[in-house]
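# Summary of the model geometry
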Amino acid sequence: MNAMVEGDGTYYEADAGYSGTAPRYYSITQRTSLFSYYTVSGGIELYQYDGYDGMTDVLEIPSEINGRTVVGIGDSFLTMDDSITEVILPDTLTYLGQRAFNSCSALTTLHIPAGVTSIGAFAFTNDNALVNFTCDPANPSYTVEGGVLYDKAFYWNQNLAQLSLPDSVTRIGEGAFGESSNLTQLRLSDNLTEIDPFAFRSCSGLSQLILPESVTSVGANAFQYF
C-alpha cells in the first residue's frame, strides 16, 4: 500500500523508498484520487484503493480519473477488505481482474455493468456476505441468477438441440459448447477464425460439423470425445 497523508481535505502520497545507498530520496506528491492506476489500452486500470479501513462503507469507483477513462479493475484490487459493504462500478468498465474482490468479508452489494465482458478467476471467492449481487440484463457475457454468476455460454446445456451462429461471431470461447450432448445440428459463422480448447468437447449428438474456410486456429481438445 502507498503511504498516504491527509491534510485539510487534500491527500498526499509520501514516498520514502530506500535502495540501500546514499543519498536517500524522499518525495511528497499531491493526489487527486485515492485510486492508484496503470495505463492500459483504452484508458486506465485501477490496481489499488488507498483509502484507510473504515473511511467509507460504500466505495464508488469513478468512470474517469484525471480525464482518463476507467476501463478495468486489476488483480487483487480490494482483496481481503473487511469494511466496505457496497461497491458501485462505473458503466465504462470492460473487465475485472483475478481476485479483484476476493475475501471482502463485509461486501453485501455489487452490480456488474453491461460493458464487463471479462471476469478473472476467484474475483468474488469467499465474499460470504454478498447477498445483493446483480448484473445488467444488457450484459452480453454474464448474468446473475439467484446470487450465482454465469457466463452466457452453452456449456453443459442439455436443452440445446439446434443452433445457427450469426456471421458476426469470430471466436468460440473455451468450453463454449462442451458437454452439450443433445446438440445435433450446428451452423458455424462464415467469419469464424478461432475455436478455443474444449469448445465442442463431448458433443456426442453432433454427427457432422463443417468448419468454414476462415478458421485459422483450433485449440487443444476442441473436439475431444466428439
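Here, every reference points to the structure presented above.
Since this is a predicted model, take the numbers as computed values, not measurements.

## Thoughts on the overall build of the chain
Per the secondary structure count, the chain includes zero helices and 20 strands. Computed over C-alpha atoms, the radius of gyration of the chain comes to 22 Å, more than 25% over the 17 Å expected from 2.2 N^0.38 for 226 residues, which places it beyond the range of a compact globule. Principal axes of the C-alpha set define a box for the chain whose edges measure 70 × 40 × 30 Å. A sequence separation of at least 24 residues applies to 34% of the contacts in the chain between residues at least 6 apart. With the model as given, the accessible surface of the chain reaches about 12,500 Å², and the carbon-plus-sulfur share is 48%. Distance between charge centroids for the chain: 7 Å, based on 8 positive and 26 negative side chains.

## Things to note about the pattern of salt bridges
As enumerated under the stated definition, the model contains six salt bridges in all. With its nearest N and O atoms 3.2 Å apart, the salt bridge here joins Asp167 to Arg187. Taken together, the residues span a long stretch of sequence, with Asp167 in the loop between strand 16 (162-164) and strand 17 (171-172) and Arg187 in strand 18 (residues 185-187) at a distance of 20 residues. Judged by relative accessible area, Arg187 falls into the partly exposed class, the value being 35%. Here Asp196 and Arg171 are joined by a salt bridge, their closest N and O atoms 2.8 Å apart. In this pair, Asp196 is assigned in the loop between strand 19 (194-195) and strand 20 (217-218) and Arg171 in strand 17, connecting sequence segments 25 residues apart.

## Some remarks on the sheet that holds strand 19
Across the sheet, three strands lie side by side as 17-19-20; this open sheet has parallel pairing. Every interior strand has two partners, whereas the edge strands, strand 17 and strand 20, have only one. Bridge analysis of strand 17 against strand 19 gives two bridges, and the strand direction is parallel. Within strand 19, the position partnered with Arg171 by the bridge is Glu194.

## A look at the nonpolar core
A general tendency of soluble globular proteins is for nonpolar side chains to be buried together. If you look at the biggest cluster of nonpolar residues, it comprises 33 residues, and the most contacted ones within it are Ile61, Phe77, Phe101, Leu110 and Phe124. Every element with two or more residues in this core is listed here: strand 5 (43-49), strand 8 (68-73), strand 11 (109-112), strand 13 (132-135) and strand 14 (142-145). By residue number, the principal contributor to this core is strand 5, which donates three residues. Filtering out sequence-adjacent residues up to four positions away, Ile61 remains in contact with Phe35, Leu46, Val70, Ile73, Phe77, Val87, Ile88, Leu89 and Pro90. In terms of nonpolar packing, the next biggest core, distinct from the first, is built from 17 residues, Leu183, Ala199, Leu209 and Ala222 among them.

## Re the sheet that holds strand 1 (residues 3-7)
The sheet built from three strands is open, its strands ordered 1-2-3 with antiparallel pairing. With one partner strand each, in any of the chains shown, strand 1 and strand 3 (27-31) form the two edges of the open sheet. Averaged over all pairs of adjacent strands, the angle between strand axes in this sheet comes to 30°, irrespective of strand direction. The pairing of strand 2 (residues 10-15) with strand 3 spans five bridges and is classified as antiparallel. By the bridge assignment for strand 3, Glu13 is matched with Thr29.

## A short note on the pairing of strand 5
Among the seven residues of strand 5, six are classified as buried, and the element is accordingly described as predominantly covered. In this structure, strand 4 (residues 35-40) lies alongside strand 5, joined through six bridges in antiparallel fashion. Paired with Tyr38 across the bridge in strand 5 is Glu45. Adjacent in sequence and paired antiparallel, strand 4 and strand 5 are bridged by two residues, among which Gly42 carries a positive phi angle near 90°.

How each quantity is defined
Residues numbered from 1 in each chain as written. Predicted model: local features only at pLDDT ≥ 70, side-chain atom pairs only at ≥ 80, totals over all residues. Heavy atoms only, no water. Helix = DSSP H or I, 4+ residues; strand = E, 2+ residues; numbered from the N terminus. Rg over C-alpha atoms; globule rule 2.2 N^0.38 Å. Contact = heavy atoms within 4.5 Å. Areas by Shrake-Rupley, 256 points an atom, 1.4 Å probe, with all protein chains shown as cover. Lys, Arg positive; Asp, Glu negative; His and termini not counted. Charge placed at Lys NZ, Arg CZ, Asp CG, Glu CD. Salt bridge = Lys/Arg side-chain N within 4 Å of Asp/Glu carboxyl O. Buried < 20%, exposed > 50% of the residue type's maximum accessible area, 1.4 Å probe, protein only. Pairing = 2+ DSSP bridges. Core = buried A, V, L, I, M, F, W, Y, C linked by side-chain atoms within 4.5 Å. Axes fitted to C-alpha atoms, helices over the stretch in contact; angles between N-to-C directions.

Read these as layout, nothing more, since geometry by itself doesn't imply function.
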